[in-house]
Structure formats: C-alpha cells, structure tokens
Amino acid sequence: MLERGEVGNSWRRERWDSLRLLTPNWQSRLPGLPYEGSDPDGYMTAAEVGELIARFAAGAPVRTGTAVTSLRRSEDAYELTTGQGELRARTVVIATGACNAPVVPSLASALPAKVRQLTAFAYRNPAQLPDGGVLVVGASATGVQLAAELYESGRPVVLAVGEHVRLPRTYRGRDVLWWMDASGVWDQRYDELDDLPRARRLPSPQLVGTSERTTLDLNALTTRGIELVGRWAAIRDSRALFSGGLRNVCSLADLKMERLLDTFDEWAETSDTAPERFAPTELPRPPRLEIDLRNGEIRSILWATGYRPDYSWLDLPVVDKKGHLRHGGGVVVDSPGLYALCLPVLRRRKSTFIHGIEDDARDVVDHLSAYLAGEARAPGYALARE
Amino acid sequence: MTTIDNGVNVQALLDAREVLAGAPEAAQFTWKATSKWTNGVHSQTTIQNFFGLGEERSHKAVAVFDADHPEVFAAPDNGITPIEYLLVGLAGCLTAGVASVAQNRGIQLRSVESTVEGNHDIRGILGADSDVRNGFNDIKVTFQIDADASRQEIEALVAQSQKRSAVFDALTNPTEVSVEVV
C-alpha cells in the first residue's frame, strides 16, 4: 500500500481543527475494530479518525512517504513511478478518494484583491480570517458547519445557498444516520439507482457532530443570525450577484427530506415514537440578490464549494472530460486489473462512509482475485451480487 | 406500470439527452427574433427561424408579436408590454416542465393552471429614483394542479420544473446581453 504522507494523512493534515465526523461513533467501525469507547453516540474528531485508521493499519504492508507520480501501463503490467522508486504490479487499486483538491468557481478570479479568500480545504480555524463579515459559499455539511463556527467567532456571516441536502440530526429519538443504516437506504446499490450520476454528485448532508446532537439546517442558521442568499451566480462591477431561485432550491431540499422521512416511516411501520415533520425552510423577505464587495461589508470569502479528485499522476486514458474516473462499480473501464475504492456511491450509497468501505472492498477484491487467477471477465463486468 | 398520457414524448427527450451528452456541439441552439419599430413605443417582432442540432430550422408558421404600452403609459395599447412577454415565457416554460416531469414520473395530469404576477416599481424605468431597479422587484407564480397524485408529488413536480426551466434560469440568474449597432 502506497501512502504519500503518513497513515490517515488527510485526517491528520487536511481537515479543519474542530472537524468531527457526521457519523456517530458506534457507526464508525472498521472490520475487526468496532467502537469500544464510552461514548457511542458521540462523534470522532479528525485526529481520532487518524488514530483509528492507524490502529487498523498496524501490521499492514504500508509504505508511507511514498507519493505516486505516474501510473501507466506496459504490456500486461502496471508501472508506477514513486518518490521511492519504480514499481510494477499486475493489479492496482486507486484509493486516493474524491477530495484531493478544492473546487473553486471561476468567478473567484474576478474578486477585489482586498477581500480575503480561503477554501475549506485550507481552513483550520477562524483566526485565519480577518475580523468582519464573511461570505460562506456553499451549503453542504462543510458550508453550514463553517458558517456556524465563523458566526460564533463574532463575525457576521452570509451563506450562499445552491442545491443542498437537508436532514434533521435526530429523527424519532435516534440519529438520522441510524435510520439511513437500519432502513437499508445506505445499502442501496449503484446499479439500482434511477440517477446514478446525480447520486454521486450529491453534496454532503447538512449535519454536524456535536454532543448536543443539534440539527444544523438552514433554519437553525437563520435562528442564530446567519443571512441566507441564493447561489452565487456571477460578479459584475465588484458586485456579487446571487440567484433569485433560492426559494426553489430550499423547496427541493425540503421535499427530498420529506420523502426520505416517509421512507423511514414506511420501513418502521409501527413504533412507540411518532413520525415527525419539520418546518419548511424560511427565507429572508426578500432575500438579497447582490452584495457590493467593495463596501467593506464582506472582508473574506470561505469557499465551501466542494472537492475534486486529482488524477494528474494517472497516465492512462481512464478519466472522463469532467475529471472523473470511468468505472463500473469500482472496476475501471478499459484497463484490466485497475480498480477504484472510496469514491461516492462506488457500489452503494454508503461507499464513502468509514463503515461502508468494507462491503465495497470485499466486492472489488473478489473481482481482483479472479483477475489474478486468470479467470476471464467481460469488459465492464458488473460485479455479481452475493 | 400505469400508462398515463399527458401528451409529452418523454422517450424522445431522454434519448436526446443521452445523445447530446456526448455531442455538445449539436446541442447548441440559437433562438432568433427580428424586430421592426412601428410608431411610438409600438414594435413588431417576428419569429420563424432558429438554429439547432447543427442546422438552420424553422417553425411551421411565422409568429408575429406586437409590443406596445397601455393607455396609462400614454400609449395606444396595440400590444402587451415587452415585460409582459417575460410572464408568457415563464408560464409557458414552467407549465411545459410540469407536464414533462409528470409524464416521466407516470403522473396523469387533469388540469394545470397558473397565475404569474410580476411586481414592478416603474420609477426605475422612468428615472424617477436611481435606487429603484428597472426590472421586476419579484415574480410570484401560483399553480393550481389537478392530477392523480398526492400534494407532495404535485409540489415535487413544480419544484423539478423550476430546476430544469430555461426561462426560470434566465430570470433568476444573470445572463450576458450585448447590444451593438451595425
């Protein structure tokens, strides 16, 4: 196993200070390493996740400090150039994930220089930003968490909201992610979904891991005093222009959450707790459509606009024009012996969660073992169900 | 599987979506209009041709639109105002979207009616107050839909229609408009 840094590198070096997992501790398990601490309903810090991974990796053949700078194919083997020398392999599993670099909209380059910009990728804590107003762009888990944290630090915060995923932290007394797990939503397979590309593009749900198990949806942010605006659509004469479609993206998220809760209720059938529904997202009346970035109201911008994978080292024609790996359930297309793990909805909705990797890994390794044993597989073979 | 029919050929749209995903050049359309001043604030705009799927094409018939202003604007009212044409566009686009999404989701529509209201402070266009914008302050659309579906499903149709609406996007997001004289 090749690791460019240390085991659990991203958790240890590429996350903000206060980050905690969205999944409760009892759910954050690895094979042979169930949670055995005293706080099953709590949420691990990034450092604790790094330690968990390091414990899991004990005894595994990991070569740390080994960055891969090229992966290519020659005849019937893969050749890798690494910082520690060349390697050849019959099979390769790409497990670098989908979050190697931040995505920043192109309009960032048109911003006045005196407005400080920072990506969530580079963000560690509020002290990095000047005092004064912050425009947080993006209403994913990262966006809502950092908006709340920056507001708590004493700064006015405006949050630009595009399409997002709304969830309550708890539902009928249990963690909402318990429901995702227990009801089977998280086990839904990639080949059973109506719109797989859409499922793979979904932003992380608006959740935070706190001991109070507070819900951190847009209504919670508004109650705290954060101002919502629509998706940041353009910049003109140093004015940020926001979409007037904010009402609709909130309706879409509210309706989607309702459908999910309906699914939970149907699965639960009867229980001693009653179904709950939550107030629709409330908006300012009217929401602002623009902010002048020269008037000092906004001193910094926090880009929470997502991440992308970095395949610059991958010298194979397996990446599509949008920069994503072409794969069928983890089997890379047109490159026998090449696999992927840790990508969104790789094989199941739970693919990118810590506990979700196990089933995907078993499937991929089954296919890989068969490949090494010389058993023929048709191109784009869909891995068989158990 | 219910065989509902709202009259939308959804299969053709889904096929087109798949083909065009890999052929972006073919997906480039240009909608065109030509316009002539008549008199006063009255003009006539004609639409027949458009460019799409790699070729010049035309509608079956020529469409002619008069634009004018009403008497309260000291004009003869030979046609609706230009800004009212935007309401036509929005209603048409959202309604078409509702029908298409309903077809795709197997929901039988019985009737779809909407009211579109664009709130407009005309001090902007009169130059009476520089803090007032020229365009709408806001637009409100109200749908009344009778269909074989729950209220939640109907709301979802309307939400999805906005998500994929050309005119909704053109109104809610900035669009570059350049005007030159030849």
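Cut-off values and rules
- Residues numbered from 1 in each chain as written.
- Chains lettered and ligands numbered in written order.
- Predicted model: local features only at pLDDT ≥ 70, side-chain atom pairs only at ≥ 80, totals over all residues.
- Helix = DSSP H or I, 4+ residues; strand = E, 2+ residues; numbered from the N terminus.
- Buried ≥ 20, exposed ≤ 12 C-beta atoms within 10 Å, placed from the backbone.
- Contact = placed C-beta atoms within 7 Å.
- Pairing = 2+ DSSP bridges.
- Axes fitted to C-alpha atoms, helices over the stretch in contact; angles between N-to-C directions.
- Domains from an automatic or database assignment.
- Nonpolar A, V, L, I, M, F, W, Y, C, P; charged D, E, K, R; others polar.
- Core = buried A, V, L, I, M, F, W, Y, C linked by C-beta atoms within 7 Å.

Visitor: Mind showing me how you'd approach unusual backbone geometry here?
Guide: Excluding glycine, residues mostly carry a negative phi; peptide bonds, for their part, are mostly trans. Along the chain, Arg285(A) connects to Pro286(A) via a cis peptide bond; the corresponding omega equals -5°. The phi angle at Val345(A) is positive, at roughly 40°, despite the residue not being glycine. On the secondary structure map, Val345(A) appears in the loop between strand 19 (338–340) and helix 8 (357–372). A count of 23 C-beta atoms within 10 Å places Val345(A) in the buried class. Positioned with a positive phi, Ala74(B) is a non-glycine residue whose angle comes to about 60°. Mapped onto the elements, Ala74(B) comes out in the loop between strand 4 (55–67) and helix 2 (82–104). The exposed category is assigned to Ala74(B), around which 9 C-beta atoms lie within 10 Å.

Visitor: Is there a simple way to think about the environment of Ala98(A) in this case?
Guide: Residues and elements named next belong to chain A. Along the chain, Ala98 turns up in the loop between strand 4 (92–94) and strand 5 (101–102). Taking the C-alpha atoms as reference points, Ala98 and Pro344, 246 residues apart in sequence, are found 7.5 Å from one another. Excluding its chain neighbours within four sequence positions, the residues that come into contact with Ala98 are Tyr307, Pro309, Leu343 and Pro344.

Visitor: Would you take a moment to explain the sheet that holds strand 1 (residues 68–74) of chain A for this structure?
Guide: Where strands meet in a sheet, backbone hydrogen bonds hold them as pairs that are either parallel or antiparallel. All names here are of chain A. Overall, antiparallel pairing links the 3 strands, which are arranged 1-2-3 in an open sheet. Pairing within the sheet leaves two strands with one partner each, and these edge strands are strand 1 and strand 3 (85–89). Between one strand axis and the next, the sheet turns by 20° as a mean value, whatever way the strands run. Sheet topology places strand 1 next to strand 2 (residues 77–82); 6 bridges connect them, and they run antiparallel.

Visitor: Is there a simple way to think about the domain arrangement of chain B in this case?
Guide: Interfaces are frequently sized by the accessible area removed from exposure as the parts join. Domain annotation of chain B identifies domain 1 (28–80) and domain 2 (81–173). On a C-alpha basis, the centroid separation for the pair domain 1 of chain B and domain 2 of chain B is 21 Å.

Visitor: What am I meant to see in the domain arrangement of chain A here?
Guide: All names here are of chain A. Segmentation of chain A into domains returns domain 1 (9–99 + 309–372) and domain 2 (101–307). With centres defined by C-alpha atoms, the gap from domain 1 to domain 2 works out at 26 Å. Here the residues of the side of domain 1 that touches domain 2 sort into 10 nonpolar, 6 polar and 9 charged.

Visitor: What is the right way to read the interface of chain A and chain B from this model?
Guide: At the interface, 13 residues of chain A touch 12 residues of chain B. Elements supplying a minimum of two residues to the side of chain A that touches chain B: strand 12 (232–236) and helix 7 (246–268) of chain A. Top element by residues in the side of chain A that touches chain B is helix 7 of chain A. It accounts for 5 residues. Taken together, the residues that form the side of chain A that touches chain B break down as 6 nonpolar, 5 polar and 2 charged.

Visitor: Could you clarify how one ought to interpret the environment of Leu283(A) in this entry?
Guide: Residue and element names in this part refer to chain A. Tracing the sequence through the fold places Leu283 in the loop between helix 7 and strand 14 (290–292). C-beta crowding within 10 Å serves as the criterion here: with 17 such atoms nearby, Leu283 is assigned to the partly exposed category. Between the C-alpha atom of Leu283 and that of Asn219, which follows or precedes it by 64 residues, the distance is 8.4 Å. The residues touching Leu283, leaving out its near neighbours within four places in the chain, are Leu228, Leu246, Arg247 and Cys250.

Visitor: I would appreciate a short explanation of the pairing of strand 3 (residues 42–52) of chain B in the present structure.
Guide: Residues in a regular strand project their side chains so that they alternate between the two faces of the sheet. Residues and elements named next belong to chain B. Relative to strand 3, strand 1 (residues 30–31) is paired through 2 bridges, and the arrangement is antiparallel. Bridge pairing links Thr30 to Phe51 in strand 3. Note: strand 2 (residues 34–39) against strand 3, 5 bridges, orientation antiparallel. Bridge pairing in strand 3 links Asn39 to His42. The turn joining strand 2 and strand 3, which pair antiparallel and follow one another in sequence, is formed by 2 residues; a positive phi near 60° is taken by Gly40. Relative to strand 4, strand 3 is paired through 9 bridges, and the arrangement is antiparallel.

Visitor: Help me out: how do you make sense of the nonpolar core in this one?
Guide: When a protein is soluble and globular, its nonpolar side chains tend to lie buried together. Residue and element names in this part refer to chain A. With 80 residues, the main nonpolar core has Val136, Val137, Ala147, Val157, Leu159 and Leu302 as its most contacted residues. Top contributing element to this core by residue count: helix 7, with 8 residues. Once you skip the residues sitting within four places of it in the chain, Val157 turns out to touch Val134, Val136, Ala147, Leu150, Tyr151 and Ile226. Judged by nonpolar contacts, the second largest core, of 19 residues, contains Leu325, Ala340, Leu343 and Leu346.

Visitor: Mind showing me how you'd approach the sheet that holds strand 14 of chain A here?
Guide: All names here are of chain A. The strand order 12-13-14 describes an open sheet built from 3 strands, whose pairing is antiparallel. The open sheet has two free edges, formed respectively by strand 12 and strand 14, since each of these has just one partner strand. The mean inter-strand angle of the sheet, taken between neighbouring strand axes irrespective of direction, is 20°. Across 3 bridges, strand 13 (residues 239–242) lies against strand 14 in antiparallel orientation. The partner of Leu241 across the bridge, within strand 14, is Glu290.

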